[in-house]
Amino acid sequence: LIQDYLFQSETTLYSSLFFEVGSSQDIHRDIPLFWTRPTNMYFGTWLALENTDAYNGPLVVIPGSHKLPLFDRNDILKNSGFLNKRISEHEDVLWFNYQKIVQEECKKNSLNIFEVHVEKGDTIIWHPLLAHGGKEIIDKNRTRLSHVVHTTPVNVPVYHIDVFFNSQA
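Here the structure is a predicted model, which is why all the values come from computation and not from measurement.

Caption draft 1: Spatial organisation of the nonpolar core. Residues Ile31, Leu70, Ile87, Leu94, Tyr98, Phe164 and Phe165 are the most contacted members of the largest nonpolar core, which totals 26 residues. Contributions of two or more residues to this core are made by helix 2 (73-79), helix 3 (92-108) and helix 4 (161-164). Considering each element in turn, this core owes the most residues, five residues, to helix 3. Core analysis: the second largest hydrophobic core is formed by 10 residues, Ala48, Leu59, Val61 and Ile124 among them.

Caption draft 2: Seen up close, the pairing of strand 8 (residues 146-153). Along strand 8, seven of the eight residues are buried, which leaves the element largely enclosed by surrounding structure. Pairing geometry for strand 1 (residues 11-19) and strand 8, over eight bridges, is antiparallel. Across the sheet, the residue bridging to Phe18 is His147, located in strand 8. Alignment of strand 3 (residues 43-48) against strand 8, held across six bridges, turns out to be antiparallel. Each residue of the ladder has a partner; that of Ala48, found in strand 8, is Ser146.

Caption draft 3: Unusual backbone geometry, seen in detail. A cis geometry characterises the amide bond from Arg37 onward to Pro38, with omega recorded as 5 degrees. Note that Pro38 resides in the loop between strand 2 (35-36) and strand 3. With a phi angle near 80 degrees, Phe71 is a residue other than glycine that sits in the positive phi range. Considering the arrangement of structural elements, one finds Phe71 in the loop between strand 4 (59-61) and helix 2. Phi at Asn84 takes a positive value of approximately 65 degrees, unusual for a residue other than glycine. Note on placement: Asn84 falls in the loop between helix 2 and helix 3. Owing to a relative accessible area of 81%, Asn84 belongs among the exposed residues under this scheme.

Caption draft 4: Quick look at the environment of Pro63. Looking at where Pro63 falls in the secondary structure, it is placed in the loop between strand 4 and helix 2. We classify Pro63 as partly exposed; its relative accessible area is 45%. In this structure, the C-alpha to C-alpha distance between Pro63 and Glu115, residues 52 residues apart in sequence, is 10 Å. Each residue touching Pro63, except ones within four places of it in the same chain, is listed here: Leu111, Asn112, Phe114 and Leu130.

Conventions and cut-offs
- What you see as residue numbers is a count from 1 along each chain, following the sequence as written.
- Restriction of local features to residues with pLDDT of at least 70 applies here, the model being predicted, together with a cutoff of 80 or more for giving and counting side-chain atom pairs; totals for whole chains, interfaces and linings are based on all residues.
- Remark: hydrogens and water are excluded; side-chain values derive from all non-hydrogen atoms of the structure.
- Residues grouped as a nonpolar core are buried Ala, Val, Leu, Ile, Met, Phe, Trp, Tyr and Cys residues, joined through side-chain atoms within 4.5 Å.
- Buried, partly exposed and exposed residues are distinguished by accessible area as a fraction of the type maximum, computed with a 1.4 Å probe on protein chains only: under 20%, between the cut-offs, and over 50%, respectively.
- Numbering goes from the N terminus for both helices and strands, where a helix is a DSSP run of H or I of at least four residues and a strand is a run of E of at least two.
- Between any two strands, pairing holds if DSSP finds at least two bridges.
- Only heavy atoms matter for contacts: two residues are in contact if any of them lie within 4.5 Å across the pair.

So, to be careful, I would describe these as geometric facts and stop short of saying anything about function.
Below you can see the structure in the form of structure tokens.
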């Protein structure tokens, strides 16, 4: 119901992930994999199924990073050797090059990484452009059970990297 209110539309599930341990993912934006029309019409939602702390790989976010622009996608295509080439929907090179720019721009704008320590049952909803990731797991004997879903309003299409980097699509 909260997301229905925020979207001003009925919400539907797009994807669902279960994590037994922290992801240890580098800082990234989901947007190249979840590109919607209209733009930014999805949320990531993270539900803690147990307490998280500095030792079991907590979620990390960069507050304010959602205000940074999308960056010049044609420039990224050119610098990645993909200008005028067919792009697959899950193109790793473009994903990593885009995320490198996200990380560099966060640093350049003095945006700091914030560890999210939560208790079992806490839920976090994030903006599509929010840079986030998973901190390294220090205690390898611990779990960090969590459930992540991505939601959109009903009937909002979700595209991937191939469409994100294709300005004519």
